Amino acid sequence: MRWGLVPSWFKENDPSKLQFNTTNCRSDTIMEKWSFKVPLGKGRRCVVLADGFYEWQRCQGTSQRQPYFIYFPQIKTEKSASIGAASSPEDWEKVWDNWRLLTMAGIFDCWEPPEGGDCLYSFTIITVDSCKGLNDIHHRMPAILDGEEAVSKWLDFGEVSTQEALKLIHPTENIAFHPVSTVVNNSQNNTPQCLVPVNLLVKKELKASGSSQKMLQWLATKSPKKEGPKISQKAESDVPHWSSQFLQKRPFPTKRGGTGLLEQWLKQEKEEEPVAKRPHSQ
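1. Quick notes on the overall build of the protein
Inference 1: Within the protein, the regular secondary structure consists of nine helices and nine strands.
Inference 2: By the burial criterion, 31% of the 282 residues in the protein qualify as buried.
Inference 3: Counting contacts in the protein only where the partners sit at least 6 residues apart, residues at least 24 apart contribute 64% of the total.

Here is the structure:
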């Protein structure tokens, strides 16, 4: 059975061409969308079993998100009590022997390819507003059927009408959760390490990225210092002086005042004044 409901009325031959996401179904619009209303009216109600599910909490001030594992509160047995607080992957492997599975309400449908072939059964999970305990982590959660009676009523489409069954769809506070490692961010990881609780109070040492380290080095060497040791005369001579190395020094700067320029101009005119020619005697 495929997760992601393919409506029976879908006309394409390839179910992957479905243009909208049907992995989840909101309880508040379930009777408005034809994809869910039709199978629900036919009594195609199901229960989805899972060890638990993950949700990611957005951390304030950062782009990081903290994953949480959410599940039914577990009943302690002699075996689980002897383990105590399961804080290692080996302990969690032993806890699985008495694990209570989550029972989530869902809807299924049967799709027949237009060009013939095997029927495809698919389902969607109904979601509701998050309970108070999970509201800080995420605003939505699966519709969990808590107890055998709720499960039986949801599946009994012959005796329990659609309207009566929908009364079972609501948030439940009977839930437990704890933060886990970010190894769950990779879907290829499927080990007990994904379930072991982590301590969020332990401060992680922040490591600067490559670009940040370069910036810190630049600031350490290039930023001006308020106070520093006096440079000796010998050390000062080692500092390149652009004017002495590349420019010719003049003993005295040229006087650029208006009076000085006028005197130079009059002196030059006087020196270059032509001598008057004497008139020829006749």
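Resuming the write-up.
2. As for empty space enclosed by the protein
Inference 1: Evaluated as defined, the whole model comprises one cavity of 30 Å³ or more.
Inference 2: In this structure, the largest cavity encloses a volume near 30 Å³.
Inference 3: What lines the largest cavity is Glu 55, Ile 70, Ser 130, Leu 134, Ile 137, His 138, Arg 140 and Met 141.
Inference 4: Here the lining of the largest cavity is composed, by residue class, of four nonpolar, two polar and two charged.

3. Focus on the environment of Tyr 54
Inference 1: Tracing the backbone shows Tyr 54 in strand 4 (residues 53–58).
Inference 2: With 124 residues separating them in the primary sequence, Tyr 54 and His 178 have C-alpha atoms 9.9 Å apart.
Inference 3: Discounting chain neighbours no more than four positions away, the residues touching Tyr 54 are Tyr 68, Phe 69, Val 180, Val 184, Cys 194 and Leu 195.

4. Examining the nonpolar core
Inference 1: Among the nonpolar cores identified, the biggest contains 36 residues, and Ile 30, Ile 126, Trp 154 and Ile 169 are the most heavily contacted of them.
Inference 2: Residue assignment for this core shows that the elements contributing at least two residues are helix 1 (34–41), strand 3 (45–50), strand 5 (65–71), strand 6 (102–111), strand 7 (120–129), helix 4 (148–155) and helix 5 (162–166).
Inference 3: Sequence-distant contacts of Ile 126, that is, excluding residues within four places in its chain, are made with Cys 25, Ser 27, Ile 30, Ala 105, Gly 106, Ile 107, Met 141, Pro 142, Ala 143, Trp 154 and Ile 169.
Inference 4: Counting residues in hydrophobic clusters, the runner-up holds eight residues, among them Phe 69, Tyr 71, Ala 176 and Val 180.

5. Some details on the layout of surface pockets
Inference 1: There is about 450 Å³ of room inside the second largest pocket.
Inference 2: Elements supplying a minimum of two residues to the lining of the second largest pocket: strand 2 (24–26), strand 3, strand 4, strand 7 and strand 8 (140–142).

6. Some points on a nonpolar patch on the surface
Inference 1: A contiguous nonpolar patch, built from Trp 9, Phe 20 and Trp 34 and spanning about 350 Å² of accessible area, is present on the exposed surface.
Inference 2: Mapped onto the secondary structure, Phe 20 falls in the loop between strand 1 (2–3) and strand 2.

7. Overview of the side chain of Thr 22
Inference 1: One can find Thr 22 in the loop between strand 1 and strand 2.
Inference 2: A distance of 2.6 Å separates the side chain of Thr 22 from the backbone oxygen of Leu 5, its partner in a polar contact.
Inference 3: Setting aside residues up to four positions removed in sequence, Thr 22 forms contacts with Gly 4, Leu 5, Phe 36, Phe 123 and Thr 124.

8. Some thoughts on the packing of aromatic side chains
Inference 1: Per the counting criterion, the structure on display carries eight aromatic pairs.
Inference 2: Between Tyr 68 and Phe 177, the aromatic rings sit 6.0 Å apart at their centres with planes inclined by 70°, giving edge-to-face as the arrangement. One end of the pair, Tyr 68, is in strand 5; the other, Phe 177, is in strand 9 (residues 176–179), with 109 residues separating them in the sequence.
Inference 3: Among the aromatic residues, those joined into a cluster by ring pairs are Tyr 54, Trp 56, Phe 69, Tyr 71 and Trp 99.

9. Description of the pattern of salt bridges
Inference 1: Here the structure, examined in full by the defined rule, presents six salt bridges.
Inference 2: Among the salt bridges present, the one from Asp 109 reaches Arg 44, with a minimum N-O distance of 2.4 Å. Of this pair, Asp 109 sits in strand 6 while Arg 44 sits in the loop between helix 1 and strand 3; the two residues are 65 residues apart in sequence, bridging distant segments of the chain.
Inference 3: Since its relative accessible area comes to 2%, Asp 109 is described here as buried.
Inference 4: One salt bridge in this structure joins Glu 149 and Lys 153, with 3.5 Å as the shortest N-O distance.

Criteria and cut-off values
- Residues numbered from 1 in each chain as written.
- Predicted model: local features only at pLDDT ≥ 70, side-chain atom pairs only at ≥ 80, totals over all residues.
- Heavy atoms only, no water.
- Helix = DSSP H or I, 4+ residues; strand = E, 2+ residues; numbered from the N terminus.
- Buried < 20%, exposed > 50% of the residue type's maximum accessible area, 1.4 Å probe, protein only.
- Contact = heavy atoms within 4.5 Å.
- 1 Å grid on protein atoms, 1.4 Å probe; cavity = no way out; pocket = protein on both sides within 12 Å on 5 of 7 lines; lining within 4 Å.
- Points joined across faces, edges and corners; volume = space filled by probe spheres on them.
- Nonpolar A, V, L, I, M, F, W, Y, C, P; charged D, E, K, R; others polar.
- Core = buried A, V, L, I, M, F, W, Y, C linked by side-chain atoms within 4.5 Å.
- Patch = residues over 30% accessible without salt bridge, like charges linked within 9 Å, V, L, I, M, F, W, Y side chains within 5 Å.
- Areas by Shrake-Rupley, 256 points an atom, 1.4 Å probe, with all protein chains shown as cover.
- Salt bridge = Lys/Arg side-chain N within 4 Å of Asp/Glu carboxyl O.
- Polar contact = N/O pair within 3.5 Å; in protein donor to acceptor, adjacent residues only side chain to side chain.
- Phe/Tyr/Trp six-rings, centres within 6.5 Å; stacked < 30°, edge-to-face > 60°.

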